[in-house]
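Coordinate analysis (summary)
Single-letter residue listing:
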Number of protein chains: 2
Amino acid sequence: MKKSALQQARAAYKPQLPIVLTGGVKIVEGEPTQSADNQADIQKLFPNTYGLPEIRFEKVPATESAEPINVGVILSGGQAPGGHNVISGLFDGIKSINRNSRLYGFLMGPGGLVDHKYKELTADIIDEYRNTGGFDIIGSGRTKLETKEQFDKGLEILRELDIKALVIIGGDDSNTNAAILAEYYKAIGAGVQVIGVPKTIDGDLKNSVIETSFGFDTATKVYSEVIGNIQRDCNSAKKYWHFIKLMGRSASHIALECALQCQPNVCIISEEVEAKNMTLDQVVDEIAEAVVARANDGNNYGVVLIPEGLIEFIPAVKALIAELNDLLAAKAEEFAAVDPEKQREWVIAHLSEANAKTYESLPAGVARQLTLDRDPHGNVQVSLIETEKLLSEMVGKRLEQLAAEGKYKGKYSTMHHFFGYEGRCADPSNFDANYCYALGFTAACLIAAGKTGYMSSLRNLTLAPVNWIAGGIPITMMMNMERRHGEMKPVIRKALVELDGEPFLKFAKHRDEWKRDTCYTYPGPIQYFGPAEVSDQPSLTLVYEQKRRKY
Amino acid sequence: MKKSALQQARAAYKPQLPIVLTGGVKIVEGEPTQSADNQADIQKLFPNTYGLPEIRFEKVPATESAEPINVGVILSGGQAPGGHNVISGLFDGIKSINRNSRLYGFLMGPGGLVDHKYKELTADIIDEYRNTGGFDIIGSGRTKLETKEQFDKGLEILRELDIKALVIIGGDDSNTNAAILAEYYKAIGAGVQVIGVPKTIDGDLKNSVIETSFGFDTATKVYSEVIGNIQRDCNSAKKYWHFIKLMGRSASHIALECALQCQPNVCIISEEVEAKNMTLDQVVDEIAEAVVARANDGNNYGVVLIPEGLIEFIPAVKALIAELNDLLAAKAEEFAAVDPEKQREWVIAHLSEANAKTYESLPAGVARQLTLDRDPHGNVQVSLIETEKLLSEMVGKRLEQLAAEGKYKGKYSTMHHFFGYEGRCADPSNFDANYCYALGFTAACLIAAGKTGYMSSLRNLTLAPVNWIAGGIPITMMMNMERRHGEMKPVIRKALVELDGEPFLKFAKHRDEWKRDTCYTYPGPIQYFGPAEVSDQPSLTLVYEQKRRKY
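Residues numbered from 1 in each chain as written. Chains lettered and ligands numbered in written order. Predicted model: local features only at pLDDT ≥ 70, side-chain atom pairs only at ≥ 80, totals over all residues. Heavy atoms only, no water.

Glancing now at the overall build of chain A. Within chain A one finds 22 helices and 15 strands. Relative to the 2.2 N^0.38 estimate, which gives 24 Å for 551 residues, the radius of gyration of chain A is 25 Å and therefore close to what a compact globule would have. Overall size of chain A, expressed as C-alpha extent along the three principal axes, is 80 × 60 × 45 Å. Within chain A, contacts between residues separated by at least 24 positions form 78% of all contacts whose residues are at least 6 apart in sequence. Accessible surface, chain A: about 21,100 Å² in total, of which carbon and sulfur atoms supply 49%. Separation of charge centres in chain A, based on 61 positive and 71 negative side chains, amounts to 3 Å. (Helix = DSSP H or I, 4+ residues; strand = E, 2+ residues; numbered from the N terminus. Rg over C-alpha atoms; globule rule 2.2 N^0.38 Å. Contact = heavy atoms within 4.5 Å. Areas by Shrake-Rupley, 256 points an atom, 1.4 Å probe, with all protein chains shown as cover. Lys, Arg positive; Asp, Glu negative; His and termini not counted. Charge placed at Lys NZ, Arg CZ, Asp CG, Glu CD.)

Take a look at the structure:
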């Protein structure tokens with residue numbers, strides 16, 4: 001691998017560890033914990049790993065070396081900046097326990113455990129990947145570890161390699177599965193601990209005890225960089241409305257953080273759209289209103305941020321999609337026989353009145369996409385819908401009406417962007433580099449302490465890393481029961497944007513001003529060197545959320 | 001304007017000036033120059049500004065202050081990182097001549113001169129914009145300064161403000177117009193000098209005496225950052241072919257620089273496609289070949305870079321578009337009356353055999369776009385064609401054929417990206433910050449020396465700024481005659497990618513290896529602080545080109 005100049009310089013970076021992890025550690029156990037909800041159900045499903053106490057490490061004089069331990073590690077799901085640092089922190093952690101400890105990486109995600117595909121991660125390999133983005137050290141994948149067969153198959157290779165602990169780096173689903181695996185291995189006395197690490201750029205894996213998931217900080221900084229650049233272009237050329245869609249299906253944390261960083265004219269927050277039971281037309285009106293207000297000031301340009309998952313949060317569209325899925329499943333043959341020119345008519349005739357109305361309001365291209373592009377299960381492929389174009393087109397139509405009524409006289413030209421892959425594998429910011437390294441190192445300490453079913457945890461994250469509190473949180477503590485594919489399942493509750501939370505309130509307080517005026521901020525690219533106020537700032541979401549936390 | 005932490009830190013950055021500009025300057029004149037071609041024609045069109053000598057400044061002890069001078073400045077055309085630094089260098093330059101000198105900015109491009117829209121740029125304003133991206137200090141625009149009426153109208157406001165010199169910051173067209181304006185004002189004895197500054201992210205305004213245009217360095221670094229991030233994602237997930245289109249209609253310098261920085265699997269260079277007279281199918285085959293080769297190694301993923309202007313460089317497509325424009329202009333009414341379902345048939349029946357064949361080979365959506373989306377002059381809107389999707393779709397079709405023939409067994413999933421607006425207004429890299437500031441300062445020196453019809457010039461750019469050679473190049477020296485809208489016009493010759501130039505040869509030497517293997521490099525974001533080998537590197541295009549230069 002030919003390394004860029006930055007990679008070479010970053011290879012020398014030493015992540016800062018919390019002071020508590022720089023010597024020996026003593027475990028301080030808190031009170032037994034409860035799951036987030038449905039306590040009886042969760043306890044029944046996790047008899048061996050329910051109710052464990054929160055754990056906090058305290059520094060003690062370094063002790064004599066313990067026995068070497070072999071550890072396996074898995075990267076699960078979508079990429080997030082800092083994964084390589086979790087692994088290097090874990091490596092350094094188990095080596096500090098005993099230099100003969102070994103680390104094995106399972107390849108291309110959880111599937112590597114089941115299929116017995118792995119490689120030993122030696123110091124040479126680890127050193128190639130310190131402080132770099134990507135998951136390419138061992139690859140990632142989306143196989144779900146769910147069945148007893150998978151667990152048993154995995155145990156074969158764990159036993160073969162004498163692996164006593166498995167670290168699963170993943171999002172809410174992967175950590176849910178880590179908890180199930182921990183419970184299972186404990187129940188059968190397999191002698192394998194399982195530790196989770198909170199990863200996702202989406203920012204929806206967090207709660208009262210996990211302050212943030214890794215990768216969110218870096219990814220939102222990359223998006224904010226390019227959004228800021230587009231805003232500056234927008235404000236220089238003064239002729240386009242830029243519609244920018246941002247990755248994040250389930251929650252709008254990314255869009256909200258970028259809005260706080262960049263101060264665009266409009267940012268739609270899916271959770272608010274759902275809470276207010278807004279229709280697609282109302283979302284369109286909100287944007288059109290900004291376009292008209294700015295046009296009245298002579299400003300025929302602006303920037304709109306849209307979360308990727310928006311369309312699924314609009315109750316009317318959600319209802320339409322649900323009915324369409326049922327309808328086209330039930331009458332697949334009849335629909336297939338309809339003359340393509342008549343399909344639209346057919347769909348409208350077969351939908352309930354409310355959903356037919358929503359369907360009719362959609363631009364023709366999107367409506368067609370809803371009936372044609374279906375996944376192998378016959379469902380609408382929502383992720384293929386180009387929401388940024390859908391909205392800009394509908395806003396254009398609305399402006400035509402307003403112009404006809406004499407209420408709008410501006411010019412309206414649009415540009416579209418979608419950012420996601422641009423940020424998932426960026427070199428981790430100093431924050432994520434430090435956070436991830438500490439998460440990996442903490443996982444090693446949890447392993448040394450014989451824990452299982454825990455998630456690696458660092459808290460006090462807006463302070464300098466030396467002050468961070470390190471420990472472990474029982475994964476069951478974050479769980480509740482939710483319906484998935486028709487069945488009640490134990491899952492980690494996804495953290496959506498809270499409409500009474502500080503980050504949203506901050507946004508809500510300023511957005512009217514940002515809408516009409518041009519208040520763009522230009523964060524620029526991530527800096528790894530230079531003044532700390534530039535290079536070491538955590539995300540604003542975290543900063544605002546921390547205001548309410550107490551330790 | 002709320003400033004980001006980076007903006008605040010960058011406000012303190014002092015661009016490095018060439019040593020020759022740090023005291024008084026003496027002018028050293030070279031030999032009289034000739035235009036690039038069509039010398040007799042150009043001389044006839046520029047009797048007062050043809051044949052001027054190249055100018056080089058030499059440092060002399062600082063002299064007593066000269067008379068104050070009022071200067072106007074215009075930002076013309078598309079945004080490029082560093083424009084604000086040209087203006088701040090110009091400001092500091094004229095203030096160093098005499099602190100009572102004044103700088104006026106004409107608003108929203110050359111139109112501001114004609115419409116008498118301007119503002120005085122005072123120290124307070126200038127300080128707000130030092131080392132920032134964007135053209136928002138005075139805005140930019142695309143009005144062309146071409147007619148005597150415009151020149152005379154401009155002269156009114158120049159006289160009113162007692163402006164003795166006008167600095168036009170623009171690309172090849174704007175600098176051509178600067179030369180015409182310089183000639184006109186000289187011919188009528190208006191007493192207004194005109195100086196050009198070479199700007200364009202496209203990199204196509206350069207020649208034997210202008211080493212690079214400003215903005216290219218920063219823009220390509222931003223694109224390389226996000227391309228590198230996508231490559232790392234690609235190499236972690238191992239499941240997509242990413243087709244990435246890059247801004248740059250006329251030349252492929254941007255794509256080539258990004259390829260040198262990132263080492264993607266495929267990069268199409270328009271100039272090569274044209275030189276080899278390649279068909280669209282051949283371009284598709286070249287990409288498909290890479291997909292097949294990598295699939296044979298088990299790698300069903302990759303990255304393809306595509307210059308925005310590609311489609312216009314494919315001789316067969318160019319011929320098709322030309323015939324379509326003529327055909328649809330001549331038979332507009334007849335075509336409009338054709339049943340939409342029969343339009344394709346109609347078009348094929350009316351085209352020459354060769355062009356009909358090209359038309360038939362295009363995916364239906366693109367073919368439809370060629371006949372439907374036409375600009376106000378009835379011409380095909382080439383810029384609307386999503387070349388990245390066109391190619392990925394055609395590659396998919398080709399792979400289906402190969403699979404049917406048993407020659408391909410891989411999986412093929414695609415993602416698409418287009419980068420342009422993300423880079424045009426980025427905060428200038430240290431290189432562009434220094435280069436632009438020096439360009440502006442040099443313009444001030446050319447003004448003080450009484451010169452007109454010159455372009456501000458810095459050379460030796462791969463050395464540290466202190467060693468740069470500062471001076472001026474007569475704009476007529478870069479001109480030749482070219483047909484524009486049916487008429488022969490004097491224009492600055494666009495610099496296309498030279499297939500025997502070092503940058504392309506370097507790419508050509510390695511591309512087979514990059515194609516089959518995964519040789520991705522990850523440049524990361526622009527760094528403004530830290531080790532010089534990270535933060536102060538010029539573009540590779542410039543580095544390789546300089547190898548052949550001698551001073």
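There is more to say, and it comes next.
Quick look at unusual backbone geometry now. Residues and elements named next belong to chain A. Although it is not a glycine, His-116 sits at a positive phi angle of roughly 60°. By secondary structure assignment, the location of His-116 is in the loop between α4 (111-114) and β5 (118-120). Assessed through its relative accessible area of 22%, His-116 is described here as partly exposed. Not every positive phi belongs to a glycine, and Asp-162 is a case in point at roughly 55°. Here Asp-162 falls in the partly exposed class, since its relative accessible area comes to 42%. (Buried < 20%, exposed > 50% of the residue type's maximum accessible area, 1.4 Å probe, protein only.)

This brings us to the sheet that holds strand β12 (residues 454-459) of chain A. Residues and elements named next belong to chain A. As summarised here, the arrangement of the nine strands in space is β1-β2-β13-β12-β7-β6-β3-β4-β5, forming an open sheet in which the pairing is mixed. Lying at the two open borders of the sheet, with one neighbouring strand each, are β1 (24-32) and β5. The average undirected angle you get between the axes of adjacent strands in this sheet is 25°. (Pairing = 2+ DSSP bridges. Axes fitted to C-alpha atoms, helices over the stretch in contact; angles between N-to-C directions.)

Residues and elements named next belong to chain A. Applying the stated criterion to the full structure yields 62 salt bridges over all chains. Between Arg-516 and Asp-297 there is a salt bridge, with its nearest N and O atoms 2.7 Å apart. Linking Arg-516 in helix α20 (residues 502-516) with Asp-297 in the loop between α11 (280-296) and β10 (302-307), this pair joins segments that are 219 residues apart in sequence. Assessed through its relative accessible area of 39%, Asp-297 is described here as partly exposed. One salt-bridge network, in which partners are shared between bridges, spans Lys-144, Asp-173, Glu-482 and Arg-484. (Salt bridge = Lys/Arg side-chain N within 4 Å of Asp/Glu carboxyl O.)

On to helix α13 (residues 315-330) of chain B. When the terminal C-alpha atoms of α13 of chain B are compared, their 23 Å separation across 16 residues agrees well with the 22 Å that a helix rising 1.5 Å per residue should span. For α13 of chain B, the set of buried residues is Val-317, Leu-320, Ile-321, Leu-324, Asn-325, Leu-327 and Leu-328 of chain B. (Expected span 1.5 Å × (residues − 1).)

Our next topic: the interface of chain B and chain A. Contacts between the two partners involve 61 residues from chain B and, on the opposite side, 61 residues from chain A. In total, about 4,600 Å² of surface goes out of reach between chain B and chain A, with carbon and sulfur atoms giving 53% of it. For the chain B face of the interface with chain A, the top three residues by lost area are Arg-232, Tyr-421 and Glu-422 of chain B, together amounting to 16%. One can count six salt bridges joining chain B with chain A. Joining chain B to chain A, the criterion identifies 24 residue pairs in polar contact (both at pLDDT 80 or more). Along the lines of polarity and charge, the residues of the side of chain B that touches chain A split into 26 nonpolar, 19 polar and 16 charged. (Buried area = accessible area lost by both parts, 1.4 Å probe. Polar contact = N/O pair within 3.5 Å; in protein donor to acceptor, adjacent residues only side chain to side chain. Nonpolar A, V, L, I, M, F, W, Y, C, P; charged D, E, K, R; others polar.)

The next point concerns the packing of helix α11 (residues 280-296) of chain B against helix α18 (residues 387-404) of chain B. To characterise two packed helices, one gives the angle between the axes of the helices and the distance between these axes. Residue and element names in this part refer to chain B. One can describe the packing of α11 onto α18 by two numbers: an axis separation of 9 Å at closest approach and a directional angle of 65°. Comparing the axis directions of α11 and α18 gives the class roughly perpendicular. Remark: the crossing between α11 and α18 carries right-handed chirality. Residue-level contacts link Leu-280, Asp-281, Val-283, Val-284, Asp-285, Ile-287, Ala-288, Val-291 and Val-292 of α11 to Leu-390, Leu-391, Met-394, Val-395, Arg-398, Leu-399 and Leu-402 of α18. For the contact of α11 with α18, the residue count by class is 13 nonpolar, no polar and three charged. (Parallel < 35°, antiparallel > 145°, perpendicular 65-115°, else oblique. Left-handed = near helix turned anticlockwise from the far one by under 90°.)

This brings us to the packing of helix α3 (residues 83-97) of chain A against helix α19 (residues 430-448) of chain A. Residue and element names in this part refer to chain A. The interhelical angle for the contact between α3 and α19, taken along N-to-C directions, is 40°, at an axis separation of 7 Å. Looking at the two axes, α3 sits oblique to α19. When the axes of α3 and α19 are compared, the crossing they make is right-handed. Listed contacts from α19 to Asn-85, Val-86, Ser-88, Gly-89, Leu-90, Asp-92, Gly-93, Ile-94, Ser-96 and Ile-97 of α3 are Ala-433, Cys-436, Tyr-437, Gly-440, Phe-441, Ala-443, Ala-444, Ile-447 and Ala-448. Residues that form the contact of α3 with α19 fall into these classes: twelve nonpolar, six polar and one charged.

Right, let's get into α20 of chain A. Residue and element names in this part refer to chain A. The axis of α20 is deflected most strongly, by about 50°, at His-510. Taken together, the buried positions of α20 are Pro-503, Phe-504, Phe-507, Arg-511, Trp-514 and Lys-515. The secondary structure elements touched by the buried residues of α20 are α9 (253-262), β9 (266-267), α10 (270-275), α11 and α22 (540-546). (Bend = angle between axes of the 7 residues up to and from the residue.)

All names here are of chain B. Across the sheet, nine strands lie side by side as β1-β2-β13-β12-β7-β6-β3-β4-β5; this open sheet has mixed pairing. Sheet topology places β1 (24-32) and β5 (118-120) at the edges, where each strand pairs with a single neighbour. In this sheet, adjacent strand axes meet at a mean angle of 25° when their direction is disregarded. Bridge analysis of strand β6 (residues 163-170) against strand β7 (residues 193-198) gives six bridges, and the strand direction is parallel. Bridge pairing links Ile-169 to Val-197 in β7. In the packing of helix α3 (residues 83-97) onto the sheet, the strands contacted are β3 (70-75), β4 (102-106), β6 and β7, and the crossing angle to β3 comes to about 175°. On the sheet, helix α19 (residues 430-448) packs against β1, β2 (53-60), β3, β6, β7, β12 (454-459) and β13 (469-474) and is oriented at approximately 135° with respect to β12.

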